[in-house]
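Chains, contacts and geometry: an overview
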Amino acid sequence: MKRRTSEGYCCAFNYVRAKDVILSAENTQEPLRSYQTGTENGLIVVLNSTASDYFYSLRSMIGFVVGIHNARNFPDSTNGNYHQFVVPQNTETFLKLDVATVKTDNEVARYPLEKRGCLFHFEQNSKFGGRYSYADCILRCKIYNYLHLCSCVPYTLPTNFPDFDEVRNATQCNLTHLKCLSRYSLTILRQRPKKLIKGLEKELGDSIDCPDCYPLCSLSRYLVQASYSQIATKEITGDAWGIMKGVVTSNGSRDVSILRVYYPLVATLLYRCGVVYTWHEIISYFGGLLSLCIGLSTISVMEVIYFATVRLYQNFVGEDKKNKMPKMPAYNDIEIMLVKEYAHHKK
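These remarks concern the structure in this document. (Residues numbered from 1 in each chain as written. Predicted model: local features only at pLDDT ≥ 70, side-chain atom pairs only at ≥ 80, totals over all residues. Heavy atoms only, no water.)

**Some words on the state of the cysteines**
Scanning all chains against the criterion turns up five disulfides. What pairs with C137 in a disulfide is C213, and their sulfur atoms sit 2.1 Å apart. On the sign convention where negative means left-handed, the S-S torsion of about -90° between C137 and C213 marks this disulfide as left-handed. Of this pair, C137 sits in helix α3 (residues 134-150) while C213 sits in the loop between α7 (201-204) and β7 (219-230), placing them 76 residues apart in sequence. The buried category is assigned to C213, whose relative accessible area is 7%. (Disulfide = S-S within 2.5 Å. Helix = DSSP H or I, 4+ residues; strand = E, 2+ residues; numbered from the N terminus. Buried < 20%, exposed > 50% of the residue type's maximum accessible area, 1.4 Å probe, protein only.)

Structure (structure tokens):
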């Protein structure tokens, strides 16, 4: 199926956007999934470059450029998590996909955006229709800068964001805008970092600022590894077996290429991200640690407060009353008085 990409119209497979619109909860369809592994159980495509029909090529090569991206993201090679590979003539190309998934608990959404540093797909509904993605956010930021720098939007980019009426009615870029587009071509490709990096102060002025764009909290990343092998000539003669059986071109084997995209393993890596400690868990943790080390407990704390306040006050008041009471004679003084009294009566 021919679909719009950042490099023009390309043939797409398993791309779930409906008519190049910004993905939302209403126009969502599930992508096809492969539940088997190995080179024979993935996507296999036989390509015919027809080199004799080449008139002008954007790249100094004869063959195909293949892009691997998320099925829900607009295919833009400058937005990240997008892989491009060259499929030369007379070559069998193997693209092996290794997946690492990060799943974040919804409990993290309660924390401020600046602290967690990521967004969930259900956030920013007004801008992305309930299907936020980092790639779409960067795309929106680029379109905004194209519009305000050059007063137009390239025809290769979608313009149907839910709340972006200014872009929806914008002028498509044409030959009169080439000078402006060429001037800011590198600027729009660079995103300004959220934190200042020492040594890149000058480069910050030659980039676009997208402060509202944060990576997804839950996402899957694909590590793509490519390997190549030359197609044997006998596989193009018509006596070949399998997918190459009966494939004959006007230029023999030189026009044909085979692409295989597959998963090597049944299992993938899954990373879980969540809240390590809540405030009451931290209190419980340190309370248990202090109790283990010095025998501290709630009763001990209450006793410390009692002796430092109530008991100290009672001791101070009691000592003051004791000083005001008449002094009782000591035992030795009483003994001397009795001896003197006895001696007086004896006389």
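**Structural notes on the environment of T159**
Here T159 shows up in the loop between α3 and α4 (165-168). Residue classification places T159 among the partly exposed positions, given a relative accessible area of 24%. Taking the C-alpha atoms as reference points, T159 and Q172, 13 residues apart in sequence, are found 9.9 Å from one another. The residues contacting T159, other than those within four sequence positions of it, are V153, V167 and R168. (Contact = heavy atoms within 4.5 Å.)

**Overview of the side chain of E123**
If you trace the backbone, E123 turns up in the loop between α1 (113-116) and α2 (125-128). Given the relative accessible area of 16%, E123 is considered buried. A distance of 3.0 Å separates polar atoms of two side chains, one belonging to E123 and the other to R116. Setting aside anything within four residues of it in sequence, one finds E123 in contact with R116, C118 and Y132. (Polar contact = N/O pair within 3.5 Å; in protein donor to acceptor, adjacent residues only side chain to side chain.)

**A look at the nonpolar core**
Of all hydrophobic cores here, the largest spans 27 residues; its most connected members are Y132, I143 and L157. Listed by contribution, the elements that provide at least two residues to this core are α3 and α5 (178-183). With eight residues, α3 is the largest single contributor of residues to this core. Once you skip the residues sitting within four places of it in the chain, I143 turns out to touch V153, L157, P158, F161 and V167. Counting ten residues, the second-largest nonpolar core is a separate cluster that includes V66, L95, V224 and V261. (Core = buried A, V, L, I, M, F, W, Y, C linked by side-chain atoms within 4.5 Å.)

**Here's the deal with the packing of aromatic side chains**
Summed over the entire model, instances satisfying the criterion amount to one aromatic pair. Taking the centre distance of 5.3 Å and the plane angle of 15° together, the rings of F120 and F122 count as stacked. Given a relative accessible area of 4%, F120 falls into the buried group. The exposure class assigned to F122 is partly exposed, which follows from its relative accessible area of 36%. (Phe/Tyr/Trp six-rings, centres within 6.5 Å; stacked < 30°, edge-to-face > 60°.)

In short, the description is geometric, and any link to function would need to be established separately.
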